Amino acid sequence: MQEQFGPQTRNFEFTGKGWEYFRIWIVNLLLTIVTLGIYSAWAKVRRLQYFYRNTRLADASFDYHGTPKAILKGRIIAVGLMLLYNITLKFNPILGLVVGLMLALIMPWLLMRSLRFKLYNSSYRGLRFGFAGQTRGAYDAFMKYPMLAGLTAYLLAPLAHQRIKQYQFDNSRFGSTAFKFGATVKGFYLLYLSALAVMVGTLLLVIALATMSGTGAGLKALATGFVAAAPFVMLIMVASVLIVSSLFSAYMQNMVWGNTAVGTHRISSRVPARRLLWVSVSNFIGVVLTLGLFMPFATIRMLRLKLESMAVTSSGDLSDFVSGQQQQASATGEETAEMFDVDISF
Amino acid sequence: MSTSPSDLQVSAAYFDGKTAASRAVKLSAEGGELLLNGGTAELRWPLSEVHISERLGNTPRLLAFSGGGHCEVNDHAGLERLLAQVGGRRNWLDRMQHSLSWALVAVILIVVAFAGAYRYLLPWGAEVLAMRVPDVVLQKMGSSTLETLDQYVLKPSRLDAARQRELSDAFARLKPLPDARLQYRIVFRSSPAMGANAFALPDGNIVMLDGLVDLTKDDNEIIAVLAHELGHVERRHAMRMVLQSSVVGLVLAWYVGDVSGLLATAPAIIMQAKYSRDMEREADQYAERTMQVNGLSPCLLASILGKLEISHLARKAEQRPTADAGKDVHAMDYLSSHPATRERIGLLCPAESSQ
């Protein structure tokens, strides 16, 4: 690759195709059913490899290295824990609560482990990603801040969300190069408040509509109105949830990735919110009309939109990354890699 | 066939695994080994030391070499020919994942699998499991359900003790079918909300509401309803329904869950309603056999079913005076948890339905 001077921006490309993925998806689904769910671990690897390898940046693709056995192990553990919780809750509610509490206590640690698994098993240009997050940080991000948010009637929810993203991004590595996360708490608050404002506005609109179509006065009018206008109310609520959630996820991705850098390389994200809304709505309709067969096409469309809105701006080319310690460690001791080869996703 | 293997060259990008730098190289095959030519340097690996990623749509193929480093290849046709030279083969999964006809076959097989599981496998599995539930669990389920109902829905019966004993005695004289396993007892209650009704609890307690007793003068008709309820208990319908509907709910939530939780509930209700109708039919058949054993006519059940239907329609019309009752009932048939009463009457008592 020739040396380039001055900042250069490279767009992410996504080359996945709906029909191509449909074939992989449907065979995965069939084999998962035939094997009563066991194949789902192999299906997950194929799905992620299809997505990763179709994601290209500067003429090279990403890759996923997770092994189906590790994922199967993780899934068996996760199913076992959920069964344990549900069964104890049914036959001895107090014991069930104790089990639930213990699950909640180990959850941050499990989340940290699964982040580590996911990043360690991702690579680009032959270099592995990595996750350096520690247990303490995991408990802060996944337990302390969410609890604070709960105790303050969700006033601190945007702060908690920012802390979770900060923990995820600031601890990520590409080779030996660290990610740097710059999205501020203020940005999260602005986004959350805008979403809240729109939802409250919709609710007021619905109440007004119901009161108008109801008979009688006061609460009775509201109650009869909700019954009379039920189809409209449902339509408005579904529409507003779709609109707000797609706009929210577009702005969230732009803020989170747009404020992230890997070493001196800046990442930018410009998901067009209106296009995201269109893709969400048409995906939703497509999936409903085809009883789910449109699902793989929907996934590909959404991924293409989200990935192709991203770019990396850097001075020079991308060769200046070098492999990190993690890689040397994995070459020396297979067992350590094997030990955290458990993927628990929730 | 080419004799010189070096004829075929495939371009690839080589990464050494230590830095992110990419180097353009040419791949070729020679005597079962892969040859990597980087212009200045040449590397070779026996095929056994190269991990070649499977084909996955049109994604780049990745050749990972033992000891680090890998090649990314986008020339799919070229690589296939090269691998054929050194003896690589495509496996069955690879073929399945890339053929459109296999995709169509998979769609059909999935639909058949889902339909078969819904129609046969799940009811069968639930029955096998439900029949093995120990009596202790059934007792506990029954008593806790009755407690909850007594607390929120049911009121004490208005029937006097003599009438209650009369009905209990008549029920005690009913010979159960030889394979019946539980002890049965009538529990008298009333409920303005539920009107004329009777229902069986898993422990053999049959709740009879005053509304039902008021509905007919013929005690044998009441016995017929009780025989139907006996069928529900003996065939473990409550337990089976819990198992079947939770599996249906889970599978639907898994399949549609990504899109919307709301969407998953509507089909679940429709799918569970079919199970419920099947169970009503099974209980009808059970009642029919019980009555034949006791020398009673199944037409008694048909007759009281007709009366129950009229009573429920009247209640519905009372509750929603503005709604067009006839139209309402028609739409409800579709989703109804009980099969159309006329159909049930026809099966139980062909003579009565033809009148």
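Below, the structure is looked at part by part. What you are looking at is a predicted structure, and each value in this text was computed from that prediction instead of being measured.

Concerning the interface of chain A and chain B
The interface of chain A with chain B comprises 43 residues on the first partner and 37 residues on the second. Contact between chain A and chain B buries roughly 3400 Å² in total, counting both sides, with carbon and sulfur atoms accounting for 71%. By the criterion of area lost to chain B, the three top residues of chain A are R23, L30 and R53 of chain A, representing 18% of everything that side buries. Scanning the region where chain A abuts chain B turns up 2 salt bridges. Across the pair R56 of chain A and E72 of chain B runs a salt bridge whose closest N-O atoms are separated by 3.2 Å. Connecting chain A to chain B are 5 residue pairs in polar contact (both at pLDDT 80 or more). Those elements giving two or more residues to the side of chain A that touches chain B turn out to be helix 1 (18–34), helix 2 (40–53), strand 4 (60–64), helix 9 (230–258) and helix 10 (273–289) of chain A. Looking at which element gives the most residues to the side of chain A that touches chain B, the answer is helix 1 of chain A, with 13 residues. For the side of chain A that touches chain B, the residue count by class is 26 nonpolar, 9 polar and 8 charged.

Thoughts on the pairing of strand 8 (residues 177–181) of chain A
All names here are of chain A. As defined by bridge partners, strand 7 (residues 172–174) adjoins strand 8 across 2 bridges and the pair is classed as antiparallel. Paired with F174 across the bridge in strand 8 is T177. The pairing of strand 8 with strand 9 (residues 260–262) spans 3 bridges and is antiparallel. Looking across to strand 9, one finds that F179 is bridged to V262.

Examining the sheet that holds strand 8 (residues 155–156) of chain B
All names here are of chain B. What the 4 strands build is an open sheet, ordered 8-9-11-10; its pairing is mixed. Of all the strands in the sheet, the pair left with one neighbour each is strand 8 and strand 10 (198–200). Strand direction decides the pairing type here: strand 10 and strand 11 (residues 205–209), joined by 3 bridges, are antiparallel. Its bridge partner lying in strand 11, A200 is registered against I206. Set on the sheet, helix 5 (residues 161–173) makes contact with strand 9 (185–190) and strand 11; between it and strand 9 the angle comes to about 145 degrees.

Let's talk about the nonpolar core
Counting 75 residues, the largest nonpolar core has W25, I26, Y124, Y167 and F174 of chain A as the members making the most contacts within it. The leading source of residues in this core is helix 1 of chain A, at 9 residues. The contacts of I26 of chain A, once residues within four sequence positions are left out, are L293 of chain A together with A103, A106, V107 and I110 of chain B. Membership of the second largest hydrophobic core comes to 37 residues, among which are L174, I186, Y286 and A302 of chain B.

Observations regarding the pattern of salt bridges
All names here are of chain B. Within the structure shown, the criterion is met by 21 salt bridges over all chains. One salt bridge connects R44 with E30, and the closest N-O pair in it is separated by 3.5 Å. A residue pair is termed long-range when its members are at least 10 positions apart, and R44 in strand 4 (residues 42–46) and E30 in strand 2 (residues 23–30) qualify at 14 residues. Several salt bridges converge on common partners, so that one network encompasses E127, R235, R240 and E282.

Some details on helix 4 (residues 93–120) of chain A
Between its first and last C-alpha atoms helix 4 of chain A spans 39 Å; for 28 residues at 1.5 Å apiece the expected length is 40 Å, and the two agree. In the structure, helix 4 of chain A departs most strongly from a straight axis at M107 of chain A, where the bend amounts to approximately 40 degrees and where the proline P108 of chain A lies between one and four residues downstream.

Describing the environment of N91 of chain B
You can see N91 of chain B is positioned in the loop between helix 1 (76–86) and helix 2 (92–98). Separated by 59 residues in sequence, N91 of chain B and G32 of chain B place their C-alpha atoms 19 Å apart.

Regarding the state of the cysteines
Cysteine pairs can be covalently joined through their sulfur atoms, and such a bond is termed a disulfide. All names here are of chain B. Summed over the entire model, instances satisfying the criterion amount to 1 disulfide over all chains. Paired by a disulfide, C299 and C349 hold their sulfur atoms 1.8 Å apart. Between C299 and C349 the disulfide shows an S-S torsion of about 85 degrees. By sign, it is right-handed. In this pair, C299 sits in helix 10 (residues 299–319) while C349 sits in the loop between helix 12 (341–348) and helix 13 (350–353), placing the two residues 50 residues apart along the sequence. The exposure class assigned to C299 is partly exposed, which follows from its relative accessible area of 24%. Among the residues examined, C349 registers a relative accessible area of 1% and is labelled buried.

So, how was this worked out
The numbers attached to residues start from 1 for each chain and follow its sequence in the written order. By the order in which they are written, chains take letters starting at A while ligands take numbers starting at 1. For this predicted model, a pLDDT threshold of at least 70 governs which residues receive local features, and a threshold of 80 or more governs which side-chain atom pairs are given and counted, while totals over whole chains, interfaces and linings are taken from all residues. Remark: hydrogens and water are excluded; side-chain values derive from all non-hydrogen atoms of the structure. We call two residues contacting when some pair of their heavy atoms lies within 4.5 Å. Buried area is a sum: the accessible area each of two parts loses on coming together, probed at 1.4 Å, counted once for each and added. The salt bridge definition used is simple: a Lys or Arg side-chain nitrogen within 4 Å of an Asp or Glu carboxyl oxygen. Pairing of N or O atoms within 3.5 Å defines a polar contact, subject to two protein rules: one partner must be a possible hydrogen donor and the other a possible acceptor, and residues neighboring in sequence count only if both atoms are side-chain atoms. Secondary structure elements follow DSSP: runs of H or I no shorter than four residues count as helices, runs of E no shorter than two count as strands, and numbering proceeds from the N terminus. For this classification, Asp, Glu, Lys and Arg are treated as charged, while Ala, Val, Leu, Ile, Met, Phe, Trp, Tyr, Cys and Pro are nonpolar and the rest, including Gly, are polar. We treat two strands as partners when DSSP finds at least two bridges between them. Helix axes use the C-alpha atoms of the stretch in contact, all axes being lines fitted to C-alpha atoms, and the angles between their N-to-C directions lie in the range 0 to 180 degrees. Put simply, a nonpolar core is a bunch of buried Ala, Val, Leu, Ile, Met, Phe, Trp, Tyr and Cys residues held in one set by side-chain atoms that sit within 4.5 Å of each other. Here's how the labels work: a residue is buried when its accessible area is under 20% of the maximum for its type, exposed when over 50%, partly exposed in between, all with a 1.4 Å probe on protein chains only. What a helix is expected to span follows from its residue count: subtract one and scale by 1.5 Å. To get the bend at any residue, fit one axis to the seven residues that end at it and another to the seven that begin at it, then take the angle between the two axes. A pair of sulfur atoms, both from cysteines and within 2.5 Å, is called a disulfide here.

It is worth stressing that arrangement in space is one thing and function is another; only the former is reported here.
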